[in-house]
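One-letter residues, chain by chain:
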Amino acid sequence: MAQPPIRIVVAGALGRMGRQMAEAVQTDPRLALAARFHRPGTVGDGLVSRDEALATADVVIDFSTPAASADLARFCANRGGPGLVVGSTGFDSAELADIADAAKTIPIVRSGSFSLGLNMLIGLVEQAARALDADDWDAEIFEAHHRHKIDAPSGTALMLGQAVAGGRGVALDAVARRVRDGVTGVRPPGEIGFAVVRGGSIVGEHSVSFCADGELVTLSHAAGDRIMFARGAIAAALWVAGRPPGQYDMRDVLGLNARA
Ligand SMILES: NC(=O)C1=CN([C@@H]2O[C@H](COP(=O)(O)OP(=O)(O)OC[C@H]3O[C@@H](n4cnc5c(N)ncnc54)[C@H](OP(=O)(O)O)[C@@H]3O)[C@@H](O)[C@H]2O)C=CC1
Ligand SMILES: O=C(O)C1=N[C@H](C(=O)O)C[C@H](O)C1
């Protein structure tokens, strides 16, 4: 017998990704767009309040802001559901702790990128970082995005940084150089550098370069259309519906994480 469609609620509904998500959900026969909500007080014209929306949901897909996503995760955990797919980026440590806490009660898939290609690249970056000695190969991460993006480095760049750090067996926070300006001194070995461009309508470009004396290895990804983030988030929503509580990422959804 055919499965009933999974009921999706879209949060941050008037944003770039919120609009893209609603469109993608509506055209997917496995899903029903149950409701959309935006900021508190923004109702009408197809938007309902958060409380009303959540009452209709199997899964909420949320691309909004770090503060709004952390608040939503707390709220969903307190009411015992629904499960969440969180795409927002730029979280501080308190917001991340709130999400981790909520994931003790509800299932949450959170990723800085819902792109299939980018999540595959993460594994290649980790493998390269493991193989290339950090004393000889300087790791530099580049990202470019549209002029409206408000956080930096991007969530994806930080995921790539985590992959380099993981491959090297170090903590990213201990070796990340997120900004350079002025007389910065000689580059210390083992540092993981970040460079950021903001301009125009660039959807998202990322690369990781390993730079040695006389040679350079670069692994890169370019996003040409936001629709593929929306498709990845849909895959995550289908995967997370009915899962036990826990914090998952897109590599879990794609079966790319080895979990005990
Ligand atoms: N993980 C991934 O694959 C991807 C992640 N992203 C991330 O998703 C997030 C959103 O990106 P994008 O759509 O481009 O940004 P937008 O600014 O276009 O959209 C975010 C929306 O969230 C709304 N919002 C703010 N507070 C609340 C709230 N309390 N409740 C509900 N909605 C709220 C904003 O409203 P208002 O306009 O009124 O401020 C805004 O419309 C960013 O963090 C971005 O980095 C983006 C693409 C892919
Ligand atoms: O804000 C964006 O647009 C994007 N944000 C995500 C990030 O911070 O990495 C993903 C994607 O690159 C687009």
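Along each chain, residue indices are assigned from 1 in the same order as the chain's sequence is written. Note on labels: chains are lettered from A, ligands numbered from 1, in written order. Per-residue local features are limited, in this predicted model, to residues with pLDDT of at least 70; the limit for side-chain atom pairs, both in listing and counting, is 80 or more; totals at the level of whole chains, interfaces and linings are taken over all residues.

## Details of helix α3 (residues 66-79)
Line of reasoning, step 1. Only DSSP runs of H or I with at least four residues qualify as helices, and only runs of E with at least two residues qualify as strands; both kinds are numbered from the N terminus onward. Multiplying 1.5 Å by the residue count of a helix minus one yields the expected span of that helix. Between its terminal C-alpha atoms α3 stretches 20 Å, which fits the 20 Å expected from 14 residues at 1.5 Å a residue.
Line of reasoning, step 2. Three exposure classes are used, all based on how many other C-beta atoms lie within 10 Å of a residue's own C-beta (placed from the backbone): buried at 20 or more, exposed at 12 or fewer, and partly exposed between those limits. Of all the residues in α3, the buried ones are P66, S69, A70, L72, A73, C76 and A77. When α3 is viewed along its axis, its buried side chains cluster within an angular range of 160° and face the same direction. Each C-beta atom gives one direction from the helix axis, and the arc is the one those directions make.

## A word on the domain arrangement of the protein
Line of reasoning, step 1. Per the annotation, domain bounds derive from an automatic or database assignment of domains. Assigned domains of the protein: these are domain 1 (6-110 + 226-253) and domain 2 (116-223).
Line of reasoning, step 2. With centres defined by C-alpha atoms, the gap from domain 1 to domain 2 works out at 28 Å.
Line of reasoning, step 3. Counting only elements with at least two residues in the side of domain 1 that touches domain 2, the list comes to α8 (227-240) and α9 (250-253).

## Some words on the site of ligand 2
Line of reasoning, step 1. Residues in close proximity to ligand 2 include T89, G112, S113, H145, K149, S154, G155, T156, G204 and A223, which together make up its full environment.
Line of reasoning, step 2. Split into classes, the residues belonging to the shell around ligand 2 amount to one nonpolar, eight polar and one charged. Residues are counted as near a molecule or strand when the C-beta atom, derived from backbone positions, lies within 6 Å of that molecule or strand. Residues are sorted three ways: Asp, Glu, Lys and Arg are charged, Ala, Val, Leu, Ile, Met, Phe, Trp, Tyr, Cys and Pro are nonpolar, and all the rest, Gly among them, are polar.

## Description of the sheet that holds strand β10 (residues 215-223)
Line of reasoning, step 1. In space, the five strands of this open sheet follow the order β7-β8-β6-β9-β10, with mixed pairing throughout. Edge positions in the sheet fall to β7 (176-177) and β10, since each has one partner strand and no second.
Line of reasoning, step 2. Bridge analysis of strand β6 (residues 138-145) against strand β9 (residues 204-212) gives seven bridges, and the strand direction is antiparallel. Bridging across to β9, I141 finds its partner in V208. Two strands form a pair only when DSSP identifies at least two bridges running between them.

## A short note on the sheet that holds strand β4 (residues 83-86)
The strands making up a sheet are joined through hydrogen bonds of the backbone, oriented either antiparallel or parallel.
Line of reasoning, step 1. Spatially, β2-β1-β3-β4-β5-β11 is the arrangement adopted by the six strands of the open sheet, whose pairing is parallel. Of all strands in the sheet, those with a lone pairing partner are β2 (31-36) and β11 (246-248), marking the two edges. On average, adjacent strands in this sheet sit at an angle of 25° to one another, irrespective of strand direction.
Line of reasoning, step 2. Bridge count for strand β5 (residues 107-110) against β11 is three bridges, and the pairing is parallel. Along β11, the bridge assignment pairs V109 with Y248.
Line of reasoning, step 3. Relative to β4, α8 is tilted by about 160°, and along the sheet it contacts β1 (6-11), β2, β3 (59-62), β4, β5 and β11. Only C-alpha atoms enter the line fits that serve as axes; for helices the fit covers just the stretch in contact. Angles between N-to-C directions range over 0 to 180 degrees. Residues are treated as contacting if the C-beta atoms built from their backbones sit within 7 Å of each other.

## Quick notes on the confidence of the model for the protein
Line of reasoning, step 1. The score called pLDDT rates the predictor's confidence residue by residue, from a low of 0 to a high of 100. Residues with a pLDDT of 70 or more make up 99% of the protein, whose mean pLDDT is 97.
Line of reasoning, step 2. Both confidence scores are given for the complex: pTM 0.97, ipTM 0.99.

## A closer look at the site of ligand 1
Line of reasoning, step 1. Surveying the vicinity of ligand 1 reveals 23 residues, the closest of which are G12, G15, M17, A68 and G87.
Line of reasoning, step 2. By residue number, the principal contributor to the shell around ligand 1 is helix α1 (residues 16-26), which donates three residues.
Line of reasoning, step 3. Across the shell around ligand 1, the residue classes break down as seven nonpolar, 14 polar and two charged.

## Re the UniProt feature "binding site: (S)-2,3,4,5-tetrahydrodipicolinate" (unreviewed entry) in the protein
Line of reasoning, step 1. UniProt positions are given in the numbering used here, feature names are shortened, and annotations may be inferred rather than shown by experiment. Mapped onto this numbering, the UniProt entry gives "binding site: (S)-2,3,4,5-tetrahydrodipicolinate" (unreviewed entry) at H146, G155 and T156.
Line of reasoning, step 2. Looking at where G155 falls in the secondary structure, it is placed in helix α6 (residues 155-168).
Line of reasoning, step 3. Leave out the neighbours within four places in its chain, and G155 touches T89, G90, G112 and S113.
Line of reasoning, step 4. Position of T156 relative to the elements: it lies in helix α6.

## Observations regarding the pairing of β5
Line of reasoning, step 1. Because side chains alternate across β5, one face comprises the buried residues P107 and V109, and the other comprises I108 and R110, equally buried.
Line of reasoning, step 2. In the sheet, β4 pairs with β5 via three bridges, with the strands oriented parallel. Note that in β5 the partner of V86 across the bridge is R110.

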